[in-house]
Amino acid sequence: MKYTALSTVYPPISSQEASWLQRDPEVEALLRTSNFYMIGARKEAKFRNLVPNEDDWTLRFDLVIGDFEDGVTIRIRDLPGLEGVNLDSVYLDAGEKHVRFWDGEPHGPDSEVLEWFTTEKLVWDRSHARPGITGLDRFADAAAYDLLYVGIAKDGDTFDRLIAKGHKKRMEILSNEPQRLPGARVADEIYLFMFKINVLHIRFLGEDDLILASAPPVDERAVLADAEKAFIKMLDPSYNEVKYVGYPRGRDGVYGANIARYGYVIAENASFRTVNGNFRGGLNADTGTPSNMADMIFVEGNSVTVVRGRPA
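Quick caveat, the model's predicted, so the values are computed rather than measured.

Cut-offs used in this document
- Residues numbered from 1 in each chain as written.
- Predicted model: local features only at pLDDT ≥ 70, side-chain atom pairs only at ≥ 80, totals over all residues.
- Heavy atoms only, no water.
- pLDDT = per-residue confidence, 0-100.
- Contact = heavy atoms within 4.5 Å.
- Phe/Tyr/Trp six-rings, centres within 6.5 Å; stacked < 30°, edge-to-face > 60°.
- Helix = DSSP H or I, 4+ residues; strand = E, 2+ residues; numbered from the N terminus.
- Buried < 20%, exposed > 50% of the residue type's maximum accessible area, 1.4 Å probe, protein only.
- Lys NZ or Arg CZ within 6 Å of the ring centre and 35° of its normal.
- Polar contact = N/O pair within 3.5 Å; in protein donor to acceptor, adjacent residues only side chain to side chain.
- Pairing = 2+ DSSP bridges.
- Axes fitted to C-alpha atoms, helices over the stretch in contact; angles between N-to-C directions.
- Salt bridge = Lys/Arg side-chain N within 4 Å of Asp/Glu carboxyl O.
- Expected span 1.5 Å × (residues − 1).

(A) Region of the structure containing the confidence of the model for the protein. When the pLDDT values of the protein are averaged, the result is 91; 94% of them are 70 or greater. Low confidence marks residues 204-215, where pLDDT is under 50. Its contacts with residues over four positions away, or in another chain, come to 22 contacts.

Below, the structure is given as structure tokens:
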């Protein structure tokens, strides 16, 4: 059985943030490693009640998304970007949408950001069990989005397709989607997810035993095209006009490639609301592989179904 996991190459970013980050060469390099993307929507998130404490070097605050609220503690000493740094020389710059730790005066000509969080990066880092973040135990609830569009970059990469060259559907979504939270800009409630695909091969040795290993060589373009069709067919995002009703049959996918069974999962602790119900991802942060909570689009012959993961 072939098993393809979709993993994000960068934390989700709002459409507004995309216009800022596209000028960052380090971010651009990461986004260029992606060729599969999704566009989702959710109420705008904000940081509230920020309280720094130099006695124990913590920053406490609440993450608020509409009626959702969960407490967060940043243990500054434990953040990877501040290892070995004299904390007495660190400056905090924080607001409703960001937290940054600088090695000098914020925005000074010789100052650099040592560690930073946006609302989505905080949720993403917490779901990946990154050191220095405690609380936010409901991170999976915070990472629940309406799925609007699924696409791939057949030529080039996600950065070119979705950000640099002006994506038609992204512009249409920004023009047509309503506010989800009064006072929020739509650009702050539309989120971009940049994925890469990882193909694995599962060998069943017995009733309960299996080996999970790298797959034999496979045409990545075929897997990419097939994954797009699978998610569109089964999740039916509202802005995808072509629905691939004949899937899994197709000329440019993996149908007929002598693969008995194959499936697609999202290896992230995030979920997407669709007209056909929620599709939940799942990540084992210790191994970096999908967890048993992840739903799977499962294909066997001409049959395609959604297999639900284990309850949380």
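(B) Representation of the packing of aromatic side chains within the structure. Inspection of every chain in the model, using the stated rule, returns 10 aromatic pairs. Both rings, one in Y145 and one in F193, keep their centres 4.8 Å apart while their planes meet at 80 degrees; by these two values the pair is edge-to-face. Here Y145, found in strand β11 (residues 144-152), pairs with F193, found in strand β12 (residues 190-204); they are 48 residues apart in sequence, far enough to count as distant. Owing to a relative accessible area of 2%, Y145 belongs among the buried residues under this scheme. In this structure an aromatic cluster arises from ring pairing among F36, F195, F231 and F279. The positively charged end of K121 is found above the aromatic ring belonging to W116, 4.8 Å away from the centroid.

(C) Fine view of the environment of D146. Mapped onto the elements, D146 comes out in strand β11. A C-alpha to C-alpha distance of 6.3 Å links D146 and R42, two positions 104 residues apart in sequence. Contacts of D146, omitting those with residues within four sequence positions, involve I39, G40, A41, R180 and R273. A polar contact is formed between the side chain of D146 and the side chain of R273, at a distance of 2.7 Å.

(D) Expanded view of the sheet that holds strand β6 (residues 68-75). On the basis of which strands lie adjacent, the open sheet formed by four strands has the order β4-β5-β6-β10 and antiparallel pairing. At either end of the open sheet lies a strand with only one pairing partner, and these are β4 (45-53) and β10 (133-135). Pairwise comparison of adjacent strand axes, ignoring direction, gives a mean angle of 25 degrees for this sheet. Sheet analysis places strand β5 (residues 58-65) next to β6, joined by eight bridges and oriented antiparallel. By the bridge assignment for β6, V64 is matched with E69. Docked against the sheet, helix α3 (residues 119-127) engages β4, β5, β6 and β10, running at close to 75 degrees with respect to β4.

(E) Structural detail: the pattern of salt bridges. For the structure on display, the rule yields 26 salt bridges. Connected via shared salt-bridge partners are E28, R32, D157 and D160.

(F) Fine view of helix α7 (residues 220-235). For α7, which comprises 16 residues, the first-to-last C-alpha distance of 22 Å matches the rise-based estimate of 22 Å (1.5 Å per residue) to within 8%. Within α7, 13 of the 16 residues are buried, which leaves the element mostly enclosed by the surrounding structure. The N-capping residue of α7, defined by a side-chain oxygen 3.0 Å from the backbone nitrogen of R221, is D219. Immediately downstream of α7, the backbone of D236 shows phi near 55 degrees, a positive value.

(G) Representation of the side chain of T119. Among the secondary structure elements, T119 is positioned in helix α3. A polar contact of 3.1 Å, which involves the side chain of T119, links it to the side chain of E120. Non-local contacts of T119, meaning those with residues more than four positions away in its chain, are made with A45, K46, F47, L63, E96 and K97.

(H) How the structure looks around the sheet that holds strand β8 (residues 98-102). Ordered in space as β7-β8-β9, the three strands form an open sheet in which the pairing is antiparallel. Each edge of the sheet is formed by a strand with only one pairing partner; in this case those strands are β7 (91-94) and β9 (113-118). On average, adjacent strands in this sheet sit at an angle of 10 degrees to one another, irrespective of strand direction. For β8 and β9, the ladder comprises five bridges, and the chain directions are antiparallel. In the strand pairing of β9, V99 is matched with F117.

(I) Spatial organisation of the environment of I232. Mapping I232 onto the fold places it in helix α7. Leaving out residues up to four positions away in the same chain, I232 has contacts with V150, P237, N240, V242, K243 and Y244.

(J) Examining the pairing of β6 more closely. In textbook terms, the turn of a hairpin is the stretch between consecutive antiparallel strands, and for β5 and β6 this stretch comprises two residues, one of which, G66, has a positive phi near 60 degrees. Looking at chain direction, β6 and β10 are connected through three bridges and run antiparallel. Each residue of the ladder has a partner; that of T73, found in β10, is T134.

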